[in-house]
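Chain by chain, the residues:
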Amino acid sequence: MNWLIIGQGAIGLLWYHHLQQYTRLNNSSEITSLSLLASKNHDHSQKNYQYTSLEQDIFQGKIKYATHTQLQSADTIFLCLKSYQITFAIQQISAHIKTDANIILAHNGMGTLEELSPNFTKTHPIYVLITTHGCLRSKPLTITHTGAGKSELGLLFGHNNPRIEKVLSSTLHNALSPTIFAVDITKKQWLKLAINCVINPITALHNINNGLVNNHQFTEQRKQIITELVAVAKAEGIHLSISDLNDNVQLVAQATASNCSSMRCDVLANRQTEIDYINGYIHRLGIKHNIKTPENSKNYHHVKALLTAK
Ligand code: PAF
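A brief report on the enclosed structure follows. These numbers were taken from a predicted model, which means no experiment stands behind them. As a convention, each chain's residues are numbered from 1 in the sequence order in which they are written. For a predicted model such as this one, the threshold for reporting local features is a pLDDT of at least 70, and the threshold for listing and counting side-chain atom pairs is 80 or more; totals across whole chains, interfaces and linings nevertheless cover every residue. The basis for every side-chain value is the complete set of heavy atoms in the structure, and neither hydrogens nor water enter the calculation.

**Observations regarding the site of the ligand**
Thinking step 1. Being near a molecule or strand, for a residue, means having at least one of its heavy atoms within 4 Å of it. Around the ligand lies a shell formed by N108, K192, I195, N196, I199, N200, N210, V252, S261 and S262.
Thinking step 2. Think of a polar contact as two N or O atoms within 3.5 Å of one another; within protein, one of them needs to be a possible hydrogen donor and the other a possible acceptor, and neighboring residues in sequence only count if both atoms come from side chains. Between the ligand and the protein, one listed contact pairs an oxygen atom with a side-chain N or O atom of N200 at 3.2 Å.
Thinking step 3. For the ligand, an oxygen atom lies 2.5 Å from a polar atom in the side chain of S262.
Thinking step 4. Sorting elements by how many residues they give to the shell around the ligand places helix α6 (residues 185–206) first, with five residues. Comment: elements are numbered from the N terminus, with helices defined as DSSP H or I runs of at least four residues and strands as E runs of at least two.

Take a look at the structure:
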């Protein structure tokens, strides 16, 4: 299989490094070619990247940037981009790629599938990868694997093909374990969404580390965000438990206590956030199903206002 990774951020480079190492060290035939498509404004003359492992080992590697031929011959396209970049990226590549290339989306939040054209989703199977690996990019092409995690791959849209599912998940697992194939990926997306709906806006708006989200002062807010999310999920046919989500959110906040959430990092760096696909997604589904989502809507508007105020 020819693999193409899109995105030169922390997660894109993490997978690029591990897929490349796996292929090189094991002389694996699973990956015929691996290349990386970076954004147009990225400095393509910079080919050297640096990866620091969980054990603090420093590895220097070289990036093989994708040519047009590699884009055209890719069997699997792994988009490691922010949620708000997905639609544009797919619009840019769709006329050039194989009509049945597998698409893997790895981003926070939900709602990008709805933005893709039916012509695209008719022929391309769309997979989602959810990962809990921690990875930080300190400067361009320099990443540190900060926390061991696990990854789950699942089919979001399209016909299931057990052979392809096995190849994709085993390649990813061999490169960076554990990676499993999850049949209930939509439910897993909602579980992740609940974590992001609580931790991301609270940490961004109060400029605090993840652990402080468990403070008593946020108890009501946490519960309210989750209660609204569970109500809109139910209207979408997904059944979730408020207390399980609440416990899970608190566990993640505790496990990542000293981390700066991605949304807080984005706000501090004056970058666009993924709020439209996190609390904004709940806000839009609330309107669609005529369900009130005051706490999610408030957080959505407040985070939006943070950047316009700067
Ligand atoms: O977006 C993030 O930062 C992460 O998904 C999470 C789980 C909230 C931890 O920081």
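**As for the sheet that holds strand β11 (residues 179–181)**
Thinking step 1. If you walk across this open sheet you meet the seven strands as β2-β1-β5-β6-β7-β10-β11, and the pairing is mixed. At either margin of the open sheet sits one strand with a lone partner, and together these are β2 (33–37) and β11. On average, each strand axis in the sheet is inclined to that of its neighbour by 25 degrees, with strand direction left out of account.
Thinking step 2. Note on pairing: two strands pair once DSSP finds at least 2 bridges between them. Direction of pairing for strand β1 (residues 2–6) relative to β2: parallel, over a ladder of five bridges. Residue pairing for β2: W3 is matched across the bridge by L34.
Thinking step 3. The contact definition used throughout considers only heavy atoms, calling two residues in contact when any of these lie within 4.5 Å. Each axis is a line fitted through C-alpha atoms, taken for helices only over the stretch in contact, and angles between the N-to-C directions span 0 to 180 degrees. The strands touched by helix α1 (residues 10–26) within the sheet are β1, β2, β5 (76–79), β7 (126–131), β10 (151–157) and β11, with β2 carrying the most contacts at an inclination of about 165 degrees.

**A short note on the side chain of H145**
Thinking step 1. Tracing the chain through its elements places H145 in strand β9 (residues 142–147).
Thinking step 2. Beyond its immediate sequence surroundings of up to four residues, H145 is in contact with L14, H18, Y51, T52, S53, L54, H133, G134, C135 and L176.

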